[in-house]
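Structure assessment
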Amino acid sequence: MRVADNADPRISKALDRALNAGETGVQIAALLDGELIVDAWAGETGTGQPVDGDTLFPVFSVTKAVTAAVIHVHAQRGLIDLDRPVADVWPEYAAHGKGGITFDHVLSHRSGAPTIGADTTLDELCDWDTMAARVAEQSLVAEPGTRNAYSPFAFGWVLGEAVRRVDPRRRPFPDIVRQEVLLPLGMDDFFLGLPDGQRHRVATLVGDSAPTTSPDGLLEEASPSHLPFAPSMFNLPQVQRAGLPSAGGIATARATVRLFDAYAAARRQDGEQFFTGDTLRRCRRPRPVGIDHTYGFGMPVGHGGLWHIAPGVSDDSPGGALTEGVLSHTGAGGTIAWTEPELGLSVAVLHNRMFFGPQPVAPFGAVADAVHAIAAERG
């Protein structure tokens, strides 16, 4: 079944199940207290080549966890106050009533301004300065802090441009990400802005497109249907090169899991932690519950920008979702990475077959159960 020979039998079984459920190529990596306990893969890249441990996959909104991490680093350094308005550091962002939007509102997807504009073109989407100007010119759709409304695209440019404004060297945001988060955490194989020389490593996406309608009609302004979360757009070299700050990350599972391990490191006594206790407490604090007005269903996001659920990765938990003590981020089409800080366990599951909604067989349902069994033996 094209499963890597190095895999634990329980992981091999989970990967077999994923392939039988329709997956094309999959990578899984897991860290327990910083030790790599799972490093496995299966399937093909979409062009007939076998997936291996160095194959790169688009990770979509898992990128938001990286962008949020950059914000937390700058807050820990005193360069940004997360409870203060974004306009404190980016005055132009206050246009059209947005002066009261705080960093916390953006991180928790309660800014009231989740849009980029339905008329955004692909060329505009791939140009940083154009998109920063577009999000600065957006109008409120709700008062800040009053409504849950996920921001598929704008999230990254609001936070990224603010970080660029406070950066003493005014570096491009992808450079800030690489130098302040990716390299310090050993995430060399996580790219926000794919170098042309790495393109041969990227798996080709196949499968479905994301939903394009929502009950409030907000989704078209926040995520235009002609810019779909789909293979037709995210296989494009132009998009992969652009490094979209909400959804453009391209990585290996080994690299991705290291970000989430940083949230689990507080229980280890091995020197200075990447994230402070204040950051971890903020990430664990849930935003108000309720329907998300962008997508029309509940999305359990916390105030630090991470989710409090890891959906679709367990057969043993109710509804197939891990919820107890989880910090995660999902990505369009089923990509998922999470940490369980109390266990010291972090996991990333990357793939190239995009799917949305309930599946006849949950392709990753057995993954967390197998990882937990391995972790229990190691613990």
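Bear in mind the structure is a predicted one, so any value in this text is a computation, not a measurement. Position labels on residues start from 1 in each chain and follow its written sequence. Reporting in this predicted model follows two pLDDT cut-offs: at least 70 for local features of residues, and 80 or more for side-chain atom pairs to be given and counted; totals over whole chains, interfaces and linings ignore these cut-offs and use all residues. Based on all heavy atoms of the structure, the side-chain values leave hydrogens and waters out of the count.

Observations regarding the sheet that holds strand β7 (residues 327–331)
- Reading across the sheet, the five strands line up as β2-β1-β9-β8-β7 and stay open at both edges, with antiparallel pairing between neighbours. With one partner strand each, in any of the chains shown, β2 (35–43) and β7 form the two edges of the open sheet. Strand after strand, the sheet turns through a mean of 5° between neighbouring axes, direction not considered.
- For two strands to count as paired, DSSP must find a minimum of two bridges between them. In DSSP terms, a helix is any run of H or I states spanning at least four residues, a strand is any run of E spanning at least two, and both are numbered starting from the N terminus. As paired strands, strand β1 (residues 25–32) and strand β9 (residues 345–351) are joined by seven bridges and run antiparallel to one another. From the neighbouring strand, Ala29 faces β9, where its bridge partner is Ala348.
- Here, residues are in contact when the closest pair of their heavy atoms is within 4.5 Å. Where helices are involved, their axes are fitted lines through C-alpha atoms of the stretch in contact, as for all axes, and angles between N-to-C directions lie from 0 to 180°. Taken strand by strand, helix α1 (residues 9–20) contacts β1 and β2, and its axis lies near 35° from that of β2.
- The sheet contacts of helix α11 (residues 253–264) involve β1, β2, β7, β8 (335–340) and β9, and relative to β9 the element is tilted by about 150°.

Quick notes on helix α7 (residues 173–182)
- Of the positions making up α7, those classed as buried are Phe173, Ile176, Val177, Glu180, Val181 and Leu182. Buried positions in α7, seen along its axis, are confined to an arc of 150° and lie on one side of it.
- Packing partners of the buried residues in α7 comprise α2 (62–76), α5 (128–136), α6 (154–166), β4 (190–192) and α11. Think of it in three bands: with a 1.4 Å probe and only protein chains considered, a residue is buried below 20% of the maximum accessible area for its type, exposed above 50%, and partly exposed in between. Here the arc refers to the set of directions running from the helix axis out to each C-beta atom.

Concerning the packing of α2 against α11
- Relative to each other, α2 and α11 sit at 45°, their axes nearing to 11 Å. Comparing the axis directions of α2 and α11 gives the class oblique. Classified by chirality, the crossing of α11 by α2 is left-handed. Residue-level contacts link Val62, Ala65, Val66, Ala69 and His72 of α2 to Thr256, Leu259, Phe260 and Tyr263 of α11.
- Note on residue categories: nonpolar means Ala, Val, Leu, Ile, Met, Phe, Trp, Tyr, Cys or Pro, charged means Asp, Glu, Lys or Arg, and polar means any other residue, Gly included. Tallied by class, the residues present in the contact of α2 with α11 amount to seven nonpolar, two polar and no charged. Angles are sorted into four bins: roughly parallel if under 35 degrees, roughly antiparallel if over 145, roughly perpendicular if 65 to 115, and oblique for all others. Note on convention: near helix rotated counterclockwise from far helix by under a right angle means a left-handed crossing. Clockwise means right-handed.

A short note on helix α13 (residues 367–378)
- For α13, with twelve residues, the first-to-last C-alpha span of 17 Å sits near the 16 Å given by 1.5 Å per residue.
- Looking at α13, one finds that the buried residues are Val367, Ala368, Asp369, Ala370, Val371, Ile374 and Ala375.
- Looking at the packing, one finds that the buried side of α13 touches α1, β1, β2, β8 and β9. Helix span, expected: 1.5 Å multiplied by one less than the number of residues in the helix.

Let's talk about the packing of α2 against α7
- It is the contact of α2 with α7, at a shortest axis distance of 10 Å, that shows an interaxial angle of 70°. Classified by the interaxial angle, the pair formed by α2 and α7 is roughly perpendicular. Residues Val66, Thr67, Ala69, Val70, Val73 and His74 of α2 form the contact with α7, whose participating residues are Phe173, Ile176, Val177, Val181 and Leu182.
- Its residues assigned to classes, the contact of α2 with α7 comprises nine nonpolar, two polar and no charged.

Side note on the environment of Pro172
- With respect to the helices and strands, the residue Pro172 is situated in the loop between α6 and α7.
- Residue Pro172 is classed as partly exposed on the basis of its relative accessible area, which comes to 45%.
- Residues Pro172 and His200 lie 28 residues apart in sequence; the distance between their C-alpha atoms is 25 Å.

Notes on the pattern of salt bridges
- When a carboxyl oxygen of Asp or Glu is within 4 Å of a side-chain nitrogen of Lys or Arg, the pair counts as a salt bridge. Enumeration according to the criterion identifies 23 salt bridges in this entry.
- With a shortest N-O distance of 3.0 Å, Arg10 and Asp8 are connected by a salt bridge.
- Residues Asp292 and Arg287 are paired through a salt bridge, measuring 3.6 Å at the closest nitrogen-oxygen approach.
- Here Asp292 falls in the buried class, since its relative accessible area comes to 0%.
- Judged by relative accessible area, Arg287 falls into the buried class, the value being 5%.

Looking at the nonpolar core
- The biggest cluster of nonpolar side chains holds 78 residues, and the ones touching the most others in it are Leu125, Phe234, Leu259 and Tyr263.
- Counting residues in hydrophobic clusters, the runner-up holds 32 residues, among them Leu15, Leu322, Phe355 and Ala368. As used in this record, nonpolar core signifies buried Ala, Val, Leu, Ile, Met, Phe, Trp, Tyr and Cys residues forming a set joined through side-chain atoms within 4.5 Å.

Digging into the packing of aromatic side chains
- Under the pairing criterion, centres of Phe, Tyr and Trp rings, with the six-membered ring standing for Trp, must be within 6.5 Å; the plane angle then separates stacked pairs below 30 degrees from edge-to-face pairs above 60, leaving the rest tilted. Throughout the structure, instances matching the rule amount to 13 aromatic pairs.
- With a centroid separation of 5.9 Å and an interplanar angle of 55°, the aromatic rings of Tyr150 and Tyr295 are classed as tilted. Within this pair, whereas Tyr150 is found in the loop between α5 and α6, its partner Tyr295 is found in the loop between α12 (277–284) and β7, the two being separated by 145 residues in sequence.
- Between Phe274 and Phe275 the ring centres are 5.0 Å apart and the planes differ by 85°, which places this aromatic pair in the edge-to-face class.
- An aromatic cluster of three or more residues is present, and its members are Phe60, Phe153, Phe229 and Phe234.
- The ring of Tyr93 has Lys98 lying over it, and the distance from NZ or CZ to the ring centre is 4.9 Å. We count a charge as sitting over a ring when the NZ of a lysine or the CZ of an arginine lies within 6 Å of the ring centre and within 35 degrees of the ring normal.

Bear in mind that shape data such as this cannot, by itself, settle questions of function.
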